[in-house]
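A look at the structure
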Amino acid sequence: MSFPEIQTRAAAEWKGLWQSQKPLILVGLATCGMAAGGNATMQAIKEELAKRNIDANVMPVGCLGLCYLEPLVDIVKPGRPRICYSRVTREKVAELIEDYLVKDNPRPDLALGTIGEGSVEGIPKFFDLPMLRPQVRIVLDRCGTIDAENVLHYVAKGGYSGLDKALGMQPEDIIKEVEKSGLRGRGGAGFPTSKKWQEARRSKAAPKFVVCNADEGDPGAFMNRSVLEGDPHSVLEGMAIAGYAVGTPNGHIYVRAEYPLAVKRLRIAIEQAKELNLLGKNILGSDFSFDVEIMQGAGAFVCGEGSALMYSIEGKRGMPRVRPPRSVESGLWGLPTSLNNVETFANVPNIVVRGGEWFAKYGTEKSRGTKTFALTGKISRPGLIEVPMGIQLRQIVYDIGGGIPHDKTFKAIQTGGPSGGCLPTSMLDTPVDYETLTKAGSIMGSGGMVVMDEETCMVDVARYFLSFCRDESCGKCVPCREGLPLMIDILERITGGVGQPGDIERLLAMSDTVIKGALCGLGTTAPNPVLSSVRYFREEWEAHVNEKRCPALVCKPLINFYILPDKCAGCGICLRACPVEAITGGKRMVHVIDQGKCIKCTTCLEKCPTKFSAVKKVSAETVEVPKEPVPIAAGAK
Ligand SMILES: Cc1cc2nc3c(=O)[nH]c(=O)nc-3n(C[C@H](O)[C@H](O)[C@H](O)COP(=O)(O)O)c2cc1C
């Protein structure tokens, strides 16, 4: 079948769904949707439709980005706009179907927004919602709208036109177009994609390889997973175009085994693309062949590093190696290999179809295009976002993320995963681009973005992220293998209340040594959380070391809980809840915490009814309380 014939088939199938006389119901079934009960919702929808004899098309789709509002369900009634409903748990299904499909009441109270053309009174436009207005969706454009397990949906929405066009171009011209776009690697380092492809193309040895890095090991990151679950063909198409540009039929994609849904959808996508000759031998009747093999990684963070990843594919232990030679000269099995991140590849088809200049319109001079981020932590609207490069962190936190929940204040934002840096309020106007983030003491990374509020201890955060890197270090080079545990020893000393004068300086000096001496990016960036935290929150570090005080009241050895005699009602709730029987008291008796027994689990603080709020958490402060339970003073609560 020729590509125009495939497009015609796809358009007919797409039209059959969206312009049919039957309602169309889309259910968000990426991992976030499933975790929120999307499968049960889908089942309930099917049962309800069958019960009422309603003939409708029901279709699973990927993530629209509003993970915190899943399960998301969109309903398209014939001739009406698409309406997106949020938090449609299985219990709400019958009501929604009855009201909208049967009685024609679109239930604006349950609706989030209308998507696409047309409007409905009382329902805002989805992409005008505050969290979506500042976003630009290039990579995520199709996620949440197509069935990822149907290649024709992808084609109907413009898919594989990039590959079709590329096959009519000279490989060098494709590389030039990518150069014009200014696309830089989205895996973290921001290396120019065109340069990598050019070098791989020029390498003399054969065969060559194109590899996609879908390891995504950063804690809290799920951008790549969402693209693979919601729009896997965009990555395959990008890889095939790269294969044509570089001059190789061999593609590998390295996905972590903890992403079973992404792996499943990728497998289906590869099979379906092959059936239509969009992958495989002599693609679309051309001389170019390209196939993709999936390799599942066992989940080691270091296997996301390019050279370690390639050893892992070869079946060897995933450990980075000294460079040069670079992978474009000597990668997989010692042969030229061009490695790119999922998001880098997903950008490529659009660049080929619309041109490099179109892509370069977005972003800043040195960081073109958009970037996806997994926005998590202490934020009102966590989820998956795609923003133009250059957007300020403040816009992401407040306009898109909705600010900090529970009336708490913003403290820091960490970009770049475990080896990124924590930026404070004073840096909220920082534009998100590779150079500025690095200058500010953080990194772009692959897209993890964690927001922290006033209840976060910045010393503890540094300890947490550094421990992650220590645990994930492969142990090959001394600075990383020995340096990180030694740094953790000092950090545990500080958060444990036995920090010594000079510890902060010792940590800074050790950071310097690790950065200068480590073999790969894991070691050279691991000290970033420590460095940025000391740079922006030094007072908090000094309070820990000099006053044995944790200002955020987080570090357990530095905090104590007391029951305030003038507030305790003697209700006994804390006493019964305490898991270590550290609380004594009785009816109408002021309760007392045995400081020696208390494990600082915060249960008493959480269980004490708000109307009493009798439990106080302090650091480096002694509160005058009775040593033994005493009767509650007359006139007290
Ligand atoms: C410890 C470590 C982990 C990494 N993990 C990933 C990852 O999960 N995904 C990724 O694309 N790049 C990761 N990288 C970066 C890769 O080494 C490489 O730069 C990237 O895959 C190249 O693709 P790009 O040019 O499209 O960004 C990691 C690097 C290091 C040092």
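Above this text you will find the structure in question.
Residues numbered from 1 in each chain as written. Predicted model: local features only at pLDDT ≥ 70, side-chain atom pairs only at ≥ 80, totals over all residues. Heavy atoms only, no water.

Moving on to the sheet that holds strand β1 (residues 24-28). Spatially, the five strands line up as an open sheet ordered β2-β1-β3-β4-β5, and their pairing is mixed. Edge strands, defined here as strands with exactly one partner in the open sheet, are β2 (57-61) and β5 (111-115). The mean inter-strand angle of the sheet, taken between neighbouring strand axes irrespective of direction, is 20 degrees. When strand β4 (residues 82-85) meets β5, the two strands line up antiparallel, connected through four bridges. Note that in β5 the partner of Cys84 across the bridge is Gly113. (Pairing = 2+ DSSP bridges. Helix = DSSP H or I, 4+ residues; strand = E, 2+ residues; numbered from the N terminus. Axes fitted to C-alpha atoms, helices over the stretch in contact; angles between N-to-C directions.)

Where helix α17 (residues 458-472) meets helix α21 (residues 528-547), the closest approach of the two axes is 8 Å, and the angle between their N-to-C directions is 140 degrees. One finds that α17 runs oblique with respect to α21. Of the two elements, α17 crosses α21, and the hand of that crossing is left-handed. Of the residues in α21, those in contact with Met458, Val459, Ala462, Phe465 and Leu466 of α17 are Pro529, Val530, Ser533, Phe537, Glu540, Trp541 and His544. (Parallel < 35°, antiparallel > 145°, perpendicular 65-115°, else oblique. Left-handed = near helix turned anticlockwise from the far one by under 90°. Contact = heavy atoms within 4.5 Å.)

Let us now look at the sheet that holds strand β11 (residues 383-388). Across the sheet, which stays open at both edges, the five strands sit in the order β11-β10-β14-β12-β13 with mixed pairing between neighbours. One side of each edge strand has no neighbouring strand; the edge strands of this open sheet are β11 and β13 (421-424). Averaged over all adjacent pairs, the angle separating strand axes in this sheet is 30 degrees, with direction ignored. Both strand β12 (residues 410-415) and strand β14 (residues 448-453) contribute to a ladder of five bridges, which runs antiparallel. Following the sheet pairing, Phe410 is matched in β14 by Asp453. Most of the contacts of helix α15 (residues 393-400) go to β12, to which it runs at about 115 degrees, and overall it touches β10 (370-377), β11, β12, β13 and β14. α21 rests against β12 and β13 of the sheet, and its axis sits at about 30 degrees to β13.

Further remarks concern the pattern of salt bridges. Note on pairing: side chains with opposite charge can pair once their charged atoms come close. Per the stated rule, a full pass over the model turns up 42 salt bridges. Between Glu229 and Arg225 there is a salt bridge; the shortest N-O distance is 3.6 Å. Taken together, the residues span about one helical turn, with Glu229 and Arg225 both in helix α9 (residues 223-230) at a distance of four residues. Owing to a relative accessible area of 15%, Arg225 belongs among the buried residues under this scheme. The shortest N-O distance in the salt bridge between Arg470 and Asp471 comes to 3.1 Å. On the basis of relative accessibility, which here comes to 27%, the residue Arg470 falls in the partly exposed class. On the basis of relative accessible area, Asp471 is assigned to the exposed category, the value being 54%. (Salt bridge = Lys/Arg side-chain N within 4 Å of Asp/Glu carboxyl O. Buried < 20%, exposed > 50% of the residue type's maximum accessible area, 1.4 Å probe, protein only.)

Further remarks concern the site of the ligand. The environment of the ligand is made up of 18 residues, and the closest members are Gly187, Glu216, Asn340, Asn341 and Thr344. Between Asn341 and the ligand, the recorded distance is 2.8 Å, taken from a side-chain N or O atom to an oxygen atom. Within the contact set of the ligand, an oxygen atom lies 2.7 Å away from a side-chain nitrogen or oxygen of Thr344. Alone, the ligand offers 600 Å² of accessible surface; in the complex the protein occludes 87% of this. Among the elements of the structure, β9 (337-341) and α20 (521-525) are those that each provide at least two residues to the shell around the ligand. A per-class count over the shell around the ligand returns three nonpolar, ten polar and five charged. (Near = heavy atom within 4 Å. Polar contact = N/O pair within 3.5 Å; in protein donor to acceptor, adjacent residues only side chain to side chain. Areas by Shrake-Rupley, 256 points an atom, 1.4 Å probe, with all protein chains shown as cover. Nonpolar A, V, L, I, M, F, W, Y, C, P; charged D, E, K, R; others polar.)

Quick look at the packing of aromatic side chains now. A complete count under the given rule lists eleven aromatic pairs for this structure. Seen from their ring centres, Tyr85 and Tyr100 are 6.5 Å apart, and the 55 degrees between their planes marks the pair as tilted. Separated by 15 residues along the polypeptide, Tyr85 in strand β4 and Tyr100 in helix α4 (residues 90-102) bring together distant segments of the chain. Between Phe301 and Phe468, the ring centres sit 5.2 Å apart and the planes meet at 65 degrees, which makes this aromatic pair edge-to-face. Separated by 167 residues along the polypeptide, Phe301 in the loop between β8 (291-297) and α12 (306-313) and Phe468 in helix α17 bring together distant segments of the chain. Its relative accessible area of 17% is what places Phe468 among the buried residues. Taken together, the aromatic side chains of Tyr244, Phe288 and Phe290 make up a single cluster linked through ring pairs. Above the plane of the ring of Tyr259 lies Arg225, whose end atom (NZ or CZ) is 5.9 Å from the centre. (Phe/Tyr/Trp six-rings, centres within 6.5 Å; stacked < 30°, edge-to-face > 60°. Lys NZ or Arg CZ within 6 Å of the ring centre and 35° of its normal.)

Take it as geometry only, folks, not as evidence of what the structure does.
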